[in-house]
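As a plain string of letters, each chain reads:
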Amino acid sequence: MLTAKAEKAGRELIAVNPANTSRTYPHCGHCAKGNRPSQAVFTCQQCSFTGHADTVGAINVLRAGTALRQTAHAA
Ligand SMILES: [Zn+2]
């Protein structure tokens, strides 16, 4: 369903494993359960970055998708 929609829109759809995308801070790479004190808040335990958890999660998913895409195109 999602794939068909993406193709219709001329887009590429990449399935990303969501594991750890909500608890890793992409800029310093620190991954910890404690980075998520609540559902909405993200606070990196290592560099003290604080932001919205959804924003951080979106960056991680985008990064994972981009990495998968590069791997697929290199193969
Ligand atoms: Zn950090």
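Keep in mind that what you see is a predicted model, and the values were worked out from it rather than measured. (Residues numbered from 1 in each chain as written. Predicted model: local features only at pLDDT ≥ 70, side-chain atom pairs only at ≥ 80, totals over all residues. Heavy atoms only, no water.)

J.: What's the story with the overall build of the protein chain in this structure? I'm lost.
T.: When you go through the protein chain residue by residue, the secondary structure sums to two helices and two strands. Across the protein chain, helices and strands are ordered from the amino to the carboxyl terminus as α-β-β-α. The globule rule puts the C-alpha radius of gyration for 75 residues at 11 Å, and the 15 Å found for the protein chain is more than 25% above it. Projecting the C-alpha coordinates of the protein chain onto the three principal axes gives extents of approximately 40 × 25 × 15 Å. Looking at the protein chain as a whole, 19% of its 75 residues qualify as buried. The long-range share in the protein chain, meaning contacts at least 24 apart out of those at least 6 apart in sequence, stands at 29%. (Helix = DSSP H or I, 4+ residues; strand = E, 2+ residues; numbered from the N terminus. Rg over C-alpha atoms; globule rule 2.2 N^0.38 Å. Buried < 20%, exposed > 50% of the residue type's maximum accessible area, 1.4 Å probe, protein only. Contact = heavy atoms within 4.5 Å.)

J.: Would you mind going over the packing of aromatic side chains with me for this structure?
T.: Centre-to-centre distance and the angle between the planes together describe a pair of aromatic rings. Summed over all chains, the structure comprises three aromatic pairs. Note on Y25 and F49: the rings are 4.3 Å apart at their centroids and 15° apart in plane angle, and the pair reads as stacked. With a gap of 24 residues between them, Y25 in the loop between α1 (2–8) and β1 (41–43) and F49 in the loop between β1 and β2 (50–52) connect regions that are remote in the sequence. The exposure class assigned to F49 is partly exposed, which follows from its relative accessible area of 29%. Each residue in the set Y25, F42 and F49 is aromatic and connected to the rest through ring pairs, giving one cluster. (Phe/Tyr/Trp six-rings, centres within 6.5 Å; stacked < 30°, edge-to-face > 60°.)

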